[in-house]
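# Residue-level structural notes
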Amino acid sequence: TTVHNALLSIPGVTEARATHATSFATVTVDMDKYIEEEGLTTGKDGEEQELQETKIKQKIEEDALDAVECVGFDATVLGPNDILEDIEKAKTMETAPPTSIIEDDFDEKIESSSIVTNSSGKATFQVGGMSCAVCTGRVERALLSVDGVVEASVSLPTSRARVVFEDFSQHILKEGGPEAVKKKVSMLAELCASEVQQGGYNCEIISAIALGLSDTEEDDDGGVTLADNAARMESARKEEMKFWRDLLATACIFTIPLVAIHFSTAKIEHDHNHGPAWFEWVSLILATPVQFGVGKKFYVSAYHSFVNGKVLGMDFLVAMGTTAAYAYS
């Protein structure tokens, strides 16, 4: 959305597309509108006009690069023959179906794996707190770190994770029967959830299914219907929205008075040889709960990211930037 909006801000752009999955962006420009808004002119004769149009196209490319780089991303302009297949893929993914279809594709990724046929079980999790591709990578590594997990897949759009466990059923069936296999699958699912939680994310087990138990085998959904899945996802979304609304409300309670004090005392001269003024102490008192109370989630997530995965992600950047501003002020 950030890159998309940045590209749309360019004069004359009538359409912009940006796809996270393939890291491609395309723009459609109304040349006449661009020339008019930028105050440019075209040449009079054919050769001069063609040369001027080439310069205008180069300027549009430069404007597009500047727009993307200004919002914090690197970009290069691709030629007409550069990885056309990937560009077409990017256009196709922009018209991808809604989340329900994404969920089906996500299921197929696990179900179509050859590993599943040689597995003793699989589990599905609802993961909260993921915000980018770095997060999905961390969750996937956390799941794969559990002894007994042979495959893991994480979906950011649906906040779901699925794992496939190794084939241990024959050994355990001989010793404890089907119930022992189910118990082992449940235990591994709990270990997976615990590992993800240690990484700083919320994780709830949706289903843990034992496979290959013939007549005792559980159904494919593990007793979880599509309606249950939809209800869980909606409930998780509402809980997350409530969490952020509560943080926003708390931040506003302290920040609005802080801003008011700042602007109302901006012209007051104070001799700092006698120590901080009263309004500076009040500002400190108001800013501290916002920085370390409202911002606690970012500190905790940044800490877990670094300790468990040696990753300095978005949470670290937010924590570092706000801490620097807080300390400096």
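Residues numbered from 1 in each chain as written. Predicted model: local features only at pLDDT ≥ 70, side-chain atom pairs only at ≥ 80, totals over all residues. Heavy atoms only, no water.

## A look at the overall build of the protein chain
- What the protein chain contains, in helices and strands, is twelve helices and six strands.
- Taking all 329 residues of the protein chain together, 31% fall into the buried category.
- The long-range fraction of contacts in the protein chain, counting pairs at least 24 apart against all pairs at least 6 apart in sequence, stands at 59%.
- If you sum the accessible surface of the protein chain, you get close to 20,500 Å²; carbon and sulfur atoms cover 56% of it. (Helix = DSSP H or I, 4+ residues; strand = E, 2+ residues; numbered from the N terminus. Buried < 20%, exposed > 50% of the residue type's maximum accessible area, 1.4 Å probe, protein only. Contact = heavy atoms within 4.5 Å. Areas by Shrake-Rupley, 256 points an atom, 1.4 Å probe, with all protein chains shown as cover.)

## Observations concerning the packing of helix H6 (residues 133–144) against helix H8 (residues 178–198)
- Axis separation between H6 and H8 bottoms out at 9 Å; the angle between their running directions is 140°. Compared by their axis directions, H6 and H8 come out oblique. Helix-helix and strand crossings are classified by hand; for H6 and H8 the assignment is right-handed. Each of Val-139, Ala-142 and Leu-143 in H6 lies in contact with H8, whose residues at this interface are Cys-192, Glu-195 and Val-196.
- The residue makeup of the contact of H6 with H8, split by class, is five nonpolar, no polar and one charged. (Axes fitted to C-alpha atoms, helices over the stretch in contact; angles between N-to-C directions. Parallel < 35°, antiparallel > 145°, perpendicular 65-115°, else oblique. Left-handed = near helix turned anticlockwise from the far one by under 90°. Nonpolar A, V, L, I, M, F, W, Y, C, P; charged D, E, K, R; others polar.)

## Remarks on a negative patch on the surface
- A surface patch of negative charge is lined by Glu-61, Glu-62, Asp-66, Glu-69 and Asp-74.
- Within the secondary structure layout, Glu-61 lies in helix H3 (residues 46–70). (Patch = residues over 30% accessible without salt bridge, like charges linked within 9 Å, V, L, I, M, F, W, Y side chains within 5 Å. Salt bridge = Lys/Arg side-chain N within 4 Å of Asp/Glu carboxyl O. Lys, Arg positive; Asp, Glu negative; His and termini not counted. Charge placed at Lys NZ, Arg CZ, Asp CG, Glu CD.)

## Regarding the sheet that holds strand E4 (residues 149–155)
- One open sheet holds the four strands; their spatial order is E4-E5-E3-E6, and the pairing between them is antiparallel. This sheet does not close on itself; its edge strands, each paired only once, are E4 and strand E6 (202–210). In this sheet, adjacent strand axes meet at a mean angle of 15° when their direction is disregarded.
- Running at roughly 160° to E4, H6 makes contact with strand E3 (121–128), E4 and strand E5 (160–165) of the sheet. (Pairing = 2+ DSSP bridges.)

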